[in-house]
Amino acid sequence: MGLSLSTLDTVPRESRPPALPGDLTPGIVHIGLGAFHRAHQAVYTQAAGGWGIVGVAPRSRDVLDRLRAQDGLYSVVTVDGDGSRADVIGVHCGLLHGGSDPDAVVAAIADPRTRVVTLTVTEKGYRLDAAGNLTVDEGLRAELTGAAPPLSTPGALVRGLLAREAAGAGPLAVLCSDNMRGNGARLRGMVTQALGVAGRGVPAGISFPSAMVDRIVPATTSRTLDLAHTALGVPDAAPVTAEPFMQWVIEDDFPGGRPRWERAGAILTDDVAPWESMKLRVLLGVHSGLAYLGALAGVETIDRALSLPGMVDLMERLIRDDIAPTVTPPPGVTVVGYGAQALHRFANPALGHRTLQVAMDGTQKLPYRLVETIVDGRRAGLPMELAALVLAAWMRFTRGTADDGSPLPLNDPLADRLRGGSTVDELLAIEEVFPPVLREDREYVARVEHWLGALESGGAADTVKAGHG
Ligand SMILES: NC(=O)c1ccc[n+]([C@@H]2O[C@H](COP(=O)([O-])OP(=O)(O)OC[C@H]3O[C@@H](n4cnc5c(N)ncnc54)[C@H](O)[C@@H]3O)[C@@H](O)[C@H]2O)c1
Ligand SMILES: O=P(O)(O)OC[C@@H](O)[C@@H](O)[C@H](O)[C@H](O)CO
C-alpha cells in the first residue's frame, strides 16, 4: 500500500500535513504540476492554511495519475549534506488533465471560488518571443476563437477568463511562477494578445502580479523515491527533492484575495524587479555557466561542475566583475553576498541536479540569464570577459558533443537552427536570442570567438583551470 489518505496515519506524525485536501477550499487553479510547483508554491500554500489548489496537468498524465492514486498526497524530500527529511503535502483538492478534459479546466478558472490562477509551464509554454509577441499559428487561433478545444496555456487562460467574465465570477489574480523577466507584465501581454485574437479585451478585475520564485528542485530520481519511502514508511510514487532554501517575492496585487503565504516566509512587496533581476542574472546566469561548462567537461551534476579546479574562483569573478555592475540589488542585499550564497547552494552534493537539465532550452533562458547582462555591461564600457566565456560554452554545447567526444543532447525548441549554425556570427544572428547590438560589437564577437577556440582546443576543464583565455 502506497501513500494515500488510508495509509497517512502510518506515516510519522512530523511528516503529516496539517490539514487534508478535503478540508480545504479550492481557491487556486494551478497549471503545470511539475516538480517545482509541488516543492515551492504548494509548500507555501500548505503553510498558509485554508486554501486548496486544483492542479492541472496540461500535457503528460504521468504525475497526475500518480497523485490521483495517492488522493493528491505526495512528499517533499528536503536534502542537504546533513541528511534529509520528508514532508507530506496535502493541498491539492482537485486534479485535472488539461489534455483530455480542457472544459474542466475552463470551468475551474470560471468557478467563483477560484481567486488565483498560477502557472509553471516553462518559458516556452507562454508562446512568446523575446520581444513579448505571442506566436499565433492556425492551431492556437482555433483554440482562441473557440473553434478547437483549448489545450495550450494561452487557450486555457483565454477560454477560462471569458467563461469567468460570462459567469460574473469576480476578480482574479493570474500569477506566473516561471523564471521569466518581468513575468507579470509578460503574462499580461500574452493574455491581452490572445484575447485580442478572440476579438476581446482583458475583463475588469484581473491582475497579473510579478513574482520572483526560487528553490532548487531537480527532477525526481529513483533516489528520491528511496528517500521518501524510508522517511515515510510507505512508498510515495510522486515525491520531489528540494534544497532547504526557498524564496518567493510577490507583488501584492490580488483583487480577489490570496493565501497568507507570508506565514511561510514569502515577501509581499510592491516592487519585485530588483529581486527578479538579481535572481535571473546572478543565480541563473551562474547556473547556466556551470551547466554548459560542466556538461562539456563530462560532469553530470551542478555540484560536481562547481568542484572542477578553478571553477569557484571563475564564477566569483563572473559575479563580481561582469554581473554585479549590471544589477541594482534590493535594499540591504549585496550582489556579491547573494552570489556567494548561490554558490553555496549549488555546492549541495545531495541535490544531484543534472547539468543537462539546467542546460536545456538555452535559447529561451539565455536572453534573461546572460545576454541582457552582456548588453548592459558592454554599454557601460565593461570587458565582460567571463560572460563571453559562458556564451562561448553555450555555443560549444550546441555542437552536440562533450570534450571527450560523447554526444550531448540538444533539448531546445530552436534545436534545428542551432545544429545548422556553427560560427559565432551565425549563432549571434538568431534574433530571437541576440539583439543586433551584440553582433555589431566586433570587439566582443572576437572575445567570444577567442573563448570558443580555447574551449575547442583545450576543453572546458582546462580552460576553467587556466581561468583566462
Ligand atoms: N525546478 C526548479 O528548480 C525551478 C525553480 C524556479 C523556477 N522554476 C520554474 O518552473 C518551471 C518548471 O520547472 P519544473 O522543475 O517544475 O519542471 P518539470 O519538468 O517538472 O515540469 C514542467 C511543467 O511544465 C509543463 N510544460 C512544459 N512545456 C509546456 C508547454 N509547452 N505548455 C504547457 N505546459 C508545459 C509540463 O506539463 C510540466 O507541468 C521552470 O521552467 C522554471 O520556469 C523551476
Ligand atoms: O527550471 P529551468 O529549466 O527553467 O532552469 C533550471 C534551473 O536553472 C532553475 O530551475 C533553478 O534551479 C531555479 O530557478 C532555482 O530557483
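Residues numbered from 1 in each chain as written. Chains lettered and ligands numbered in written order. Predicted model: local features only at pLDDT ≥ 70, side-chain atom pairs only at ≥ 80, totals over all residues. Heavy atoms only, no water.

As recorded by an unreviewed UniProt entry, the protein chain carries the name Mannitol-1-phosphate 5-dehydrogenase and is attributed to Virgisporangium aliadipatigenens. Quoted verbatim from the Catalytic activity (unreviewed entry) heading of the UniProt record, the comment on the protein chain is "D-mannitol 1-phosphate + NAD(+) = beta-D-fructose 6-phosphate + NADH + H(+)". Reading the Sequence similarities (unreviewed entry) entry of the UniProt record for the protein chain gives the comment "Belongs to the mannitol dehydrogenase family." (UniProt positions renumbered as here; feature names shortened; annotations may be inferred.)

**Q** Describe the layout of surface pockets, naming the residues involved and giving the relevant values.
**A** Estimated volume of the second largest pocket: approximately 640 Å³. Lining the second largest pocket are 26 residues, and of these Leu-128, Asp-129, Ala-130, Gln-364 and Glu-432 sit closest to its centre. Here the lining of the second largest pocket takes seven residues from helix α14 (residues 362-379), the largest share from any one element. Counting only domains with at least three residues in the lining of the second largest pocket, you end up with domain 1 (8-270) and domain 2 (274-466). (1 Å grid on protein atoms, 1.4 Å probe; cavity = no way out; pocket = protein on both sides within 12 Å on 5 of 7 lines; lining within 4 Å. Points joined across faces, edges and corners; volume = space filled by probe spheres on them. Helix = DSSP H or I, 4+ residues; strand = E, 2+ residues; numbered from the N terminus. Domains from an automatic or database assignment.)

**Q** Lay out the sheet that holds strand β12 (residues 267-269) in plain terms, naming residues and giving numbers.
**A** Read across the sheet, three strands follow the order β9-β11-β12 without closing on themselves; strand pairing throughout is mixed. In the strand order of this sheet, the two ends are held by β9 (211-214) and β12, each with one partner. Pairs of neighbouring strands in the sheet enclose a mean axial angle of 15°, with direction left out of account. Inspection of the sheet shows strand β11 (residues 247-251) paired to β12 by three bridges, in the parallel sense. Across the sheet, residue Glu-251 finds its bridge partner in β12, namely Thr-269. (Pairing = 2+ DSSP bridges. Axes fitted to C-alpha atoms, helices over the stretch in contact; angles between N-to-C directions.)

**Q** I'd like a rundown of the environment of Thr-192, residues and numbers included.
**A** Relative to the assigned elements, Thr-192 resides in helix α7 (residues 183-197). For Thr-192, a relative accessible area of 37% puts it in the partly exposed group. (Buried < 20%, exposed > 50% of the residue type's maximum accessible area, 1.4 Å probe, protein only.)

**Q** Now, about the site of ligand 2: what can you tell me, with residues and values included?
**A** Near ligand 2, the surroundings consist of Glu-123, Asn-179, Asp-214, Arg-215, Lys-279, Leu-283, Leu-284, His-287, His-353, Val-358, Lys-365 and Arg-369. One nitrogen or oxygen atom from the side chain of Lys-365 is found 2.8 Å from an oxygen atom belonging to ligand 2. At a separation of 3.0 Å, an oxygen atom of ligand 2 approaches a polar side-chain atom of Arg-369. Relative to its unbound accessible area of 390 Å², ligand 2 is 83% covered by the protein chains. Put simply, the parts of the chain that give the shell around ligand 2 at least two residues each are α9 (273-296) and α14. Sort the elements by how many residues they give to the shell around ligand 2 and α9 lands first, with four residues. (Near = heavy atom within 4 Å. Polar contact = N/O pair within 3.5 Å; in protein donor to acceptor, adjacent residues only side chain to side chain. Areas by Shrake-Rupley, 256 points an atom, 1.4 Å probe, with all protein chains shown as cover.)

**Q** I'd like to hear about the site of ligand 1, residue by residue, with values.
**A** Near ligand 1, the surroundings consist of 21 residues, among which Ala-35, Phe-36, Asp-178, Asn-179 and Val-217 are the closest. Within the contact set of ligand 1, an oxygen atom lies 2.9 Å away from a backbone nitrogen or oxygen of Phe-36. One of the side-chain N or O atoms of Arg-59 is found 3.1 Å from a nitrogen atom in ligand 1. Isolated, ligand 1 exposes 820 Å² of accessible area, and the fraction of that covered by the protein chains is 77%. Class assignment for the residues of the shell around ligand 1 results in eight nonpolar, eight polar and five charged. (Nonpolar A, V, L, I, M, F, W, Y, C, P; charged D, E, K, R; others polar.)

**Q** Hey, could you go over the environment of Arg-417 for me, with residue numbers and the actual values?
**A** Looking at the element boundaries, Arg-417 is found in helix α16 (residues 415-420). Along the sequence, Arg-417 and Val-327 sit 90 residues apart, while their C-alpha atoms lie 31 Å from each other. Sequence-distant contacts of Arg-417, that is, excluding residues within four places in its chain, are made with Ile-430 and Glu-432. A polar side-chain atom of Arg-417 sits 2.8 Å from a polar atom in the side chain of Glu-432. (Contact = heavy atoms within 4.5 Å.)

**Q** Requested: an account of the confidence of the model for the protein chain, with residues and values cited.
**A** This prediction gives the protein chain a mean pLDDT of 96; 99% of its residues lie at or above 70. ipTM for the predicted complex: 0.99, alongside a pTM of 0.97. (pLDDT = per-residue confidence, 0-100.)

**Q** So what's going on with the domain arrangement of the protein chain? Residues and values would help.
**A** Along its sequence, the protein chain is carved into domain 1 (8-270) and domain 2 (274-466). Summarising the inter-unit geometry, the C-alpha centres of domain 1 and domain 2 are found 29 Å apart. Contact with domain 1, which involves 29 residues of that partner, is made by 24 residues of domain 2. Taking both sides of the interface into account, the surface hidden between domain 1 and domain 2 amounts to around 2200 Å²; carbon and sulfur atoms contribute 56%. With a shortest N-O distance of 2.5 Å, Arg-345 and Glu-243 are connected by a salt bridge. Across the contact surface, domain 1 and domain 2 share 13 residue pairs in polar contact (both at pLDDT 80 or more). Listed by contribution, the elements that provide at least two residues to the side of domain 1 that touches domain 2 are β3 (74-80), β9, β10 (240-242) and β11. When residues in the side of domain 1 that touches domain 2 are grouped by element, the largest group, four residues, is from β9. (Buried area = accessible area lost by both parts, 1.4 Å probe. Salt bridge = Lys/Arg side-chain N within 4 Å of Asp/Glu carboxyl O.)

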